[in-house]
Amino acid sequence: MKFTVAIDGPAAAGKGTISRQIAARFGFAHLDTGLIYRAVGAKVAEGMTPEAAAEGLVPEDLERGDLRSLEAGQAASKVAAIPAVRAALVEFQRRFARQDGGAVLDGRDIGTVICPGAEVKLFVTASPEVRAHRRWLEVGGDASQVLAEVKERDDRDMNRADAPLRPAADAVTIDTSEMTIDAAVDAACAEVLRHQ
Ligand code: C5P
C-alpha cells in the first residue's frame, strides 16, 4: 500500500510530535525532512560546499547528535534557501514517500513541492509567541532571543524564492496555539482516517 501524509508548518508548531504519533498509530515510516537540511548545514559548517554536502548526503548523516540546536536550525534554513541544495534532495524524499506500507513526511514544502499528490496534507501552525515559548522550554536560555530566532527563521522560510513555507491549496490547517498536544494529534489522526 502506498499512502503519503504530508505535514508542513513552521518550527515548533507541533508537527514533529504529530508526525511521530501518526507513524506509530498507523504503522507508517516517518521522515523528519528538517534533519536533512540540518545535516547539510552541519557539513557546510565543517567546510563543504552546500552543493557537495547535499549531493553526498547519506542516511547516516541524519543520525548525528548535534543537529537539534538552535544554531543547527539557523544553518539549515540558510542552506535550504539554495535551489541547487533543494533540487539535490528531492528524489530521496520522494522515494521515501512512496515506499510500501505508507509514509509520513514533515517539513516546509512536502505538500506543495515534494509530494503534491499526497493522500493527506496538513499544515500545522501556531503563533510565533507560543512556538518560541515551547522551544524555550526545551532549550532554555534567553526567551527574547529564542523568539527573535523563531521569527528570523520564519521570515527566511516564508520569503525565500524557492519552495517557500506556505500551506498547499488542499491542506487542512491545524492551529495548535490553544490546543493540547493530545488534541492536535487526535485532529491529525482524524484527517488520516477520513482518507484511508
Ligand atoms: O523543521 P526543522 O526546524 O528541523 O527545519 C530546519 C530548517 O530546514 C527550516 O527552518 C527550513 O529552512 C529547512 N527546511 C526546509 N524544507 C523542509 C524542511 C526543513 O526548507 N522540508
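Residues numbered from 1 in each chain as written. Predicted model: local features only at pLDDT ≥ 70, side-chain atom pairs only at ≥ 80, totals over all residues. Heavy atoms only, no water.

Trainee: Even after reading the chapter, I still don't get the packing of helix α2 (residues 33-45) against helix α4 (residues 70-79), so can you show me in this structure?
Mentor: The description of two packed helices rests on the angle between their axes and on the distance between the axes. For the pair α2 and α4, the least separation of the axes is 7 Å and the interaxial angle reads 95°. On the basis of their axis angle, the class for α2 and α4 is roughly perpendicular. Facing Tyr37, Arg38, Val40, Gly41 and Val44 of α2, the residues of α4 in contact are Ala72, Gly73, Ala75, Ala76 and Val79. For the contact of α2 with α4, the class distribution of residues is seven nonpolar, two polar and one charged. (Axes fitted to C-alpha atoms, helices over the stretch in contact; angles between N-to-C directions. Helix = DSSP H or I, 4+ residues; strand = E, 2+ residues; numbered from the N terminus. Parallel < 35°, antiparallel > 145°, perpendicular 65-115°, else oblique. Contact = heavy atoms within 4.5 Å. Nonpolar A, V, L, I, M, F, W, Y, C, P; charged D, E, K, R; others polar.)

Trainee: How should I be thinking about the site of the ligand in this particular structure?
Mentor: Close to the ligand lie 15 residues, the nearest being Arg38, Arg86, Arg108, Arg153 and Asp157. Threonine 33 places a side-chain nitrogen or oxygen 2.9 Å from a nitrogen atom of the ligand. For the ligand, an oxygen atom lies 2.6 Å from a polar atom in the side chain of arginine 38. When the ligand is considered free in solution it has 460 Å² of accessible area, and contact with the protein chains removes 96% of it. The element best represented in the shell around the ligand is α2, accounting for four residues. Classifying every residue of the shell around the ligand by side-chain character gives three nonpolar, four polar and eight charged. (Near = heavy atom within 4 Å. Polar contact = N/O pair within 3.5 Å; in protein donor to acceptor, adjacent residues only side chain to side chain. Areas by Shrake-Rupley, 256 points an atom, 1.4 Å probe, with all protein chains shown as cover.)

Trainee: Is there a simple way to think about the nonpolar core in this case?
Mentor: The nonpolar side chains of a soluble globular protein tend to be buried with one another. By size, the foremost hydrophobic cluster in this structure holds 27 residues, and its most contacted members are Ile36, Tyr37, Val40, Leu57, Leu62, Leu89 and Leu105. For this core, the secondary-structure elements that each account for two or more residues are α2, α3 (50-55), α4, α5 (83-97), β3 (103-107) and α6 (110-114). Considering every element that reaches this core, the biggest residue donor is α2, with six residues. Those residues in contact with valine 40 that sit more than four places away from it in its chain are Pro50, Ala53, Ala54, Leu57, Val79, Val85 and Leu89. (Core = buried A, V, L, I, M, F, W, Y, C linked by side-chain atoms within 4.5 Å. Buried < 20%, exposed > 50% of the residue type's maximum accessible area, 1.4 Å probe, protein only.)

Trainee: When you look at the environment of valine 146 in this model, what are you seeing that I'm missing?
Mentor: Positionally, valine 146 belongs in helix α8 (residues 143-159). Taking the C-alpha atoms as reference, valine 146 lies 9.7 Å from glutamate 129; in sequence the two are 17 residues apart. When residues no more than four places from it in sequence are discounted, the contact partners of valine 146 are Leu70, Ala132, Arg135, Trp136, Val139 and Gly140.

Trainee: Sorry if this is basic, but what is going on with the packing of helix α1 (residues 15-26) against helix α9 (residues 181-195) here?
Mentor: Their axes nearest at 10 Å, the elements α1 and α9 cross at an angle of 50°. It follows that α1 is oblique to α9 by the angle criterion. Like other packed secondary-structure pairs, α1 and α9 cross with a definite hand, here right-handed. Across the interface between the two elements, Thr17, Ile18, Gln21, Ile22, Arg25 and Phe26 from α1 touch Ile181, Ala184, Val185, Ala188, Cys189, Val192 and Leu193 from α9. In terms of residue class, the contact of α1 with α9 is made up of ten nonpolar, two polar and one charged. (Left-handed = near helix turned anticlockwise from the far one by under 90°.)

Trainee: Would you mind going over the pattern of salt bridges with me for this structure?
Mentor: Between side chains of opposite charge, a pair can form when the charged atoms approach closely. Scanning the entire structure with this criterion turns up 15 salt bridges. Between lysine 121 and aspartate 170 there is a salt bridge whose closest N-O contact spans 3.0 Å. Placement of the pair is lysine 121 in strand β4 (residues 120-125) and aspartate 170 in the loop between α8 and β5 (172-175), with a sequence separation of 49 residues. Between aspartate 157 and arginine 160 there is a salt bridge, with its nearest N and O atoms 3.6 Å apart. What makes arginine 160 buried here is its relative accessible area of 8%. Here the salt bridges share partners, and the residues they tie into one network are Glu46, Arg64 and Asp66. (Salt bridge = Lys/Arg side-chain N within 4 Å of Asp/Glu carboxyl O.)

Trainee: Can you help me understand the sheet that holds β3 in this one?
Mentor: What holds strands together in a sheet is hydrogen bonding between their backbones, with the strands either parallel or antiparallel. Pairing in this open sheet of five strands is parallel, and the strands run β2-β3-β1-β4-β5 from one edge to the other. Unpaired on one side and paired on the other, β2 (29-32) and β5 mark the two borders of the sheet. In this sheet, neighbouring strand axes are inclined to one another by 20° on average, regardless of whether the strands run parallel or antiparallel. Where strand β1 (residues 4-8) meets β3, five bridges bridge the pair, whose relative direction is parallel. For valine 5, the partnering residue across the bridge sits in β3 and is valine 104. (Pairing = 2+ DSSP bridges.)

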